[in-house]
Amino acid sequence: MASVTLQGLSKVYDGSAKPSLDHLDLEISDGEFLVLVGPSGCGKSTALKLIGGLEDPSGGDVYIGEQRVTDFESRDRDIAMVFQSYALYPHMSVFDNIAFPLQIAKVDKAEISKRVQAVAETLHLSAFLNQRPGRLSGGQRQRVAMGRAIIRQPSVFLMDEPLSNLDAKLRVKMRSEIAQIQRRLDVTTIYVTHDQVEAMTMGDRVAIMREGVLQQVATPDDLYRKPANTFVASFIGSPPMNLFRASLSGTGDKQITLGDQTLTIAPESIEAYPGISAHTGDVILGIRPEDIEDADLSPDTRAGDTITAEVAHLESLGADHMVHLALEAEQVHVGDQPQDQVETPLGPTSGGLCICRFSPRSKARSGDRVRARIATDNLHFFDPATGGALNQ
Amino acid sequence: MQSNPKNRRSSYSHLWFVLPGLAFFLAVMIFPILFAFGLSMTDWSGLGNDVSFIGLANYTEILGYWPYYRAALHNAAIFVAILVFQHTVGLYIAVLLNEKPRFMEFYRTVLFLPVILSLVATGFVWTLMLSPNIGLINPALRSVGLDFLALQWLSNPTSALGVVIAVTAWNSLGWAIIIYLAGLQNVSEELRQAAAMDGANTRQIFWRVTFPQLSPAFTALSVLTFIGTFRTFDVVYVLTGPLGAPNFSTDVLGTLIYRTAFGSSSFSSAEIRFAFGVAMALLTMLVMAVICRLILKVLRAREIET
Amino acid sequence: MKKRVFRSLVTAAGLAFCANQTLAETTLTMWHQHPEWKSAVEAILDKFEAAHPDIKIDLEEIAGTNYSARLNTALAAGEAPDLFGLPAGPETVAAAEAGYITDLTGKVDVANLRDAAREAIETNGQVWGVPILGAYSVGLYYHRDVFEENGLTPPSTQAEFLEMCTTLKDKGITPMVVPASDGIVPSFMYMMLTSSVMGADGFADLRAGKRKFTDPDMVDAARFLQEIGQNCLQPGALSTPYVEGKALAAMKRGAMMPGGSADYVGYKEINPNVDLGVVPFPAVGDNAPSTVTGLEYIFLVNSDAEDKDAAYTFLNWMLSEEAQQMVVDTITMTTHKDVTPSENRILDEFTSAAKVNDVRVFYELPETGNVWSVVQQNVAALFLGEMSPEDFAQAAQDAVKIAN
């Protein structure tokens, strides 16, 4: 059992101008389940490989516990890894696959057998011990890979998108299985995924990466409630947070103007984003779809917390009605790349689409002009130049 | 059968698609083999119309024809030596190249070049280099103090077969490398990383994880080597002539069959026995096919299913 | 059979086409096995074509041992050229018996051939081929300048030869170059050595079964051959191919080499400054030395040839004084009675070498046709000491087929 500390960990691949991983500082405490998440190419897998010693860093250090392991071979780091492809040895039986780390470590045969049986039991693999991995289903292979990782009782687990090859249903099942196993074994785990749902549901903390740079590391709740920038805001949450160009005005009672409609900002929002109190003019306003409701269903609407717009498009999911409102406001899109932060200019006919999560009781239909109530106590504000949250 | 004549007709219609290939195969494989088999049951010398049917007499004669065994033994010696060479040196070089060293393309080209070059041409260059009179190899050996190695390479019955093996090894190394390299490139990087994670050192990773994945390459190479070395002809013909000089110490099945069917002298065809040569060729083919089957059976059983 | 029918159809069509042509022209294809004579032979063919503008000769040279393999295959497949060379004697008779060649009796004029040559090409009064490219004798070439520098005279006996062998080796000179890889040159040496023991009459006796290679004095020939093979040759003789041997000899990498009268053209081509002399090959013991003589490949007319008359015209022209004078002046000895070399010291030396003892090459005679191959295949074993001279002689004797 050990903590993992990354200090200024960097990696520049040969022939590439930009670093794949740019000065990553991260502390993962003993027994913690940390998820590294981000779009492909964000450097999360690179970080994992550097921690595992599969690649050499261009700079920075890796500590496991108090021990600096930057120059250690993989086999000397006391780490186990589960690969995206499972990387099972096709020529060995399930038993030998799981036993392999112990065989290499020249553990006594009887002991190996005992431990493999125990692990197989936990993972419901006892019936398949004599089979080759080629005969197993995806989920079974996944469990064999887990078995091989846990049998050695390492200090740290590394998991590289272990569920991405499974179908959606199985993924949900394995998600909780892995989380349970981790909790039971209480082994420090670093888990890489590109799936925000996995990140939010599994991790004690989630580290969001983009372009080799760490954006924010926090608990899932904090990420959702207090995104550090527009990237995190739009990455976490489904559908993503609506981002629009808006204009701040007023000094005491703050107002925000979105297109030609104005909202009064509730004090809770000002408290969460103290940066706006001194700020006037352009900002990026963020509203989560779940913070917008059909005003007809909310009896106590006040002035300054509703907007009126036409329903451009409606998706019924049964439990929710996802309503796309056509707002005459400049929408901000955040892509995977920093330069992807583009603003759709406001044309005479086009505007931004604001996604709202209406209750299924809402009577709003495509083409209707509706009044939507916005939770003004839960607004998010970002610097239009940097995309950073105005929370200081 | 009666109930569904339509179905039955359609089940044979696919044969029409096979017909062109089948016709070609019959014309260039089956017919010549049958024709050769017919010929092998005669005493035709290769010249003239003096032919009589002698049944399997040629085959029974081969069974007691010691030059045939001598030649086969030489083939076997070449096979074993080349097999060992390819599975050691070839594999080792393939592993080195798989590490993607600088100038990898260059090494790969250089090592594969002998395979592309005509053995008749390169073999001739080898004879020139090995010549004790005009060759480069002996002076080179002497200049580095290895005088005792400056032998009459091809004139000594013991070293001549060694030279044939060495030239064959040089010539076929490229195959071994390419086949193993292809096999190595199919072994996923993650598998090796997983083994490293599991605590294996480089050697353990190679022997316990990488090498078992190479068994299809091992099988393919072993079979190709078997076939290649048992039908070798050009190296011997160019290096030591149709007589497998000196004193038949490099005589292989290829040269023996050639000599028997076509003769080795421009002055006399008295020794030519075409039908007997054909019988030797066919018997060799049959025995090789059986051995190939056995090799495949044994090696395939060891391969992994994925 | 089908092939013949097809061919005749093609021929008929071809003739119909040709009838419209004002000048009918025949092309005769021809194969022989001496690429090194190319320019000399082409000069002769040019002369012929100038004299017979309606006939063209299309010559292809195929070297060494490939020749018989290719020719035999082509003959069996019915694709052999109109004219091709084969050794006189058993090889020609076999081709005749196989129906591959045309009976030339009465079609070609052999009246001007020397007796020995005519004898060699006549089988039971029939003529199947003619020696248009002459004949050859085999003796011992030596570098006159090397001998002069070292104060030596060419050896004529076994003792002299072996002594000279030691002398030359002591001086760091390779005594003799022999390409033994294919066994052909050593085979000629064995013929010359045994001939020195038995002479021409003894050879007749041998063919009649009255003399044997295993007679004690004949075994001495094998023993001498073994001594030469083990002590007097260039390094790596057993793996020296014919071409390399010839080059080594021409480049003075040895003092002597056995060779035929036709080889001189080749030596001269490799080394224009070569200064060679010829003597008969040293004799076994105290016997008189002997040369061996044979016809160069004689030329036969394919029985499938389309225009046989053109072929006869060509062969007859080749046998004429004009053509034979060119053969003798540029290639080798002639078989024409009235033709003598204009000026050819080497041929003169061969002629005088052959004066004492001259025996026909074994392979031209039916009884000893097989001896050639057997000697050729066993000579490496003899040189390596893996076969005793007695066993070697026995193997040669076993190959003799005595006519009943």
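Everything below is about the structure printed above this text.
The rules behind each value
Residues numbered from 1 in each chain as written. Chains lettered and ligands numbered in written order. Predicted model: local features only at pLDDT ≥ 70, side-chain atom pairs only at ≥ 80, totals over all residues. Heavy atoms only, no water. Helix = DSSP H or I, 4+ residues; strand = E, 2+ residues; numbered from the N terminus. Contact = heavy atoms within 4.5 Å. Areas by Shrake-Rupley, 256 points an atom, 1.4 Å probe, with all protein chains shown as cover. Lys, Arg positive; Asp, Glu negative; His and termini not counted. Charge placed at Lys NZ, Arg CZ, Asp CG, Glu CD. Buried area = accessible area lost by both parts, 1.4 Å probe. Salt bridge = Lys/Arg side-chain N within 4 Å of Asp/Glu carboxyl O. Polar contact = N/O pair within 3.5 Å; in protein donor to acceptor, adjacent residues only side chain to side chain. Nonpolar A, V, L, I, M, F, W, Y, C, P; charged D, E, K, R; others polar. Buried < 20%, exposed > 50% of the residue type's maximum accessible area, 1.4 Å probe, protein only. Expected span 1.5 Å × (residues − 1). Disulfide = S-S within 2.5 Å.

*Asks:* Whenever I open this one, the overall build of chain A confuses me. Can you help?
*Replies:* The helix and strand tally for chain A stands at nine helices and 22 strands. Taking the principal axes of its C-alpha atoms as reference, chain A extends roughly 75 × 45 × 35 Å. Summarising the internal contacts of chain A: among those between residues at least 6 apart in sequence, 71% fall at separations of at least 24. Put simply, chain A shows about 16800 Å² of open surface, and 47% of that area lies on carbon and sulfur atoms. Measuring between centres, the 38 positive side-chain charges of chain A sit 8 Å from its 52 negative side-chain charges.

*Asks:* I would appreciate a short explanation of the interface of chain B and chain A in the present structure.
*Replies:* Often, the extent of an interface is quoted as the loss of accessible area on bringing the components together. Residue-level contacts link 20 residues of chain B with 27 residues of chain A. Counting the surface lost from both chain B and chain A, the interface buries some 2100 Å², and carbon and sulfur atoms represent 58% of this. Its largest share of buried area at the contact with chain A, chain B owes to B:Met197, B:Asp198 and B:Arg208, together 35% of the area lost on that side. Across the contact surface, chain B and chain A share one salt bridge. Close ionic contact of B:Asp198 with A:Arg148 constitutes a salt bridge, the shortest N to O distance being 3.4 Å. Between chain B and chain A we count eight residue pairs in polar contact (both at pLDDT 80 or more) in total. Elements supplying a minimum of two residues to the side of chain B that touches chain A: helix H9 (189–197) and helix H10 (202–213) of chain B. For the side of chain B that touches chain A, the element with the highest residue contribution is H9(B), accounting for seven residues. Classifying every residue of the side of chain B that touches chain A gives nine nonpolar, seven polar and four charged.

*Asks:* Can you help me understand the pattern of salt bridges in this one?
*Replies:* Any two side chains of opposite charge can pair, on the condition that their charged atoms come close. Taken as a whole and assessed by the stated rule, the structure comprises 33 salt bridges over all chains. With its nearest N and O atoms 3.2 Å apart, the salt bridge here joins A:Asp71 to A:Arg68. Note on A:Asp71: relative accessible area 62%, which makes it exposed. For the salt bridge of C:Lys38 with C:Glu61, the shortest nitrogen-to-oxygen distance reads 3.5 Å. With C:Lys38 in helix H2 (residues 38–51) and C:Glu61 in strand S2 (residues 55–61), this residue pair connects regions lying 23 residues apart in the sequence. When its relative accessible area of 18% is taken as the criterion, C:Glu61 is described as buried. The network of salt bridges with shared partners includes A:Asp61, A:Arg68 and A:Asp71.

*Asks:* Would you mind going over the arrangement of the chains with me for this structure?
*Replies:* Most contacts, among the two pairs of chains that meet, fall between chains B and C. One finds no contact between chain A and chain C; the C-alpha atoms of the two approach each other to within 50 Å at their closest.

*Asks:* Whenever I open this one, helix H5 (residues 168–185) of chain A confuses me. Can you help?
*Replies:* Every α-helix winds through 3.6 residues per turn, so residues three or four apart in the chain are directed the same way. Residue and element names in this part refer to chain A. With 18 residues, H5 should cover 26 Å at 1.5 Å per step; its first-to-last C-alpha distance of 26 Å lies within 8% of that length. Within H5 the residues assigned to the buried category are Met174, Arg175, Glu177, Ile178, Ala179, Ile181 and Gln182. Along its buried surface, H5 packs onto strand S3 (33–37), helix H4 (138–150), strand S7 (156–160), strand S8 (188–193) and helix H6 (196–202). Positioned one or two residues after H5, Asp186 has a phi angle of 55°, which is positive.

*Asks:* Is there a simple way to explain the environment of B:Tyr59 in this structure?
*Replies:* All names here are of chain B. Looking at the element boundaries, Tyr59 is found in helix H3 (residues 57–63). Judged by relative accessible area, Tyr59 falls into the buried class, the value being 14%. The spacing of Tyr59 and Ala279 is 220 residues in sequence and 6.3 Å in space, taken between C-alpha atoms. In this structure Tyr59 touches Phe37, Ser40, Ala279, Leu282 and Leu283, once residues within four positions along its chain are discounted.

*Asks:* Looking at this structure, I do not really get the state of the cysteines. What am I missing?
*Replies:* Linking two cysteines covalently through their sulfur atoms gives a disulfide. With the rule as written, the count across this model stands at one disulfide over all chains. Note that C:Cys165 is cross-linked by a disulfide to C:Cys232, the S-S spacing being 2.1 Å. The sign of the S-S torsion, about -130°, decides the handedness of the disulfide formed by C:Cys165 and C:Cys232: left-handed. Taken together, the positions of C:Cys165 in helix H7 (residues 158–170) and C:Cys232 in the loop between helix H9 (216–231) and helix H10 (242–250) put the pair 67 residues apart, joining distant regions of the chain. You can call C:Cys165 buried: its relative accessible area is 3%. Assessed through its relative accessible area of 0%, C:Cys232 is described here as buried. The structure places no disulfide on A:Cys354, whose sulfur is separated from the nearest cysteine sulfur, that of A:Cys356, by 4.2 Å. Residue A:Cys354 is classed as buried on the basis of its relative accessible area, which comes to 1%.

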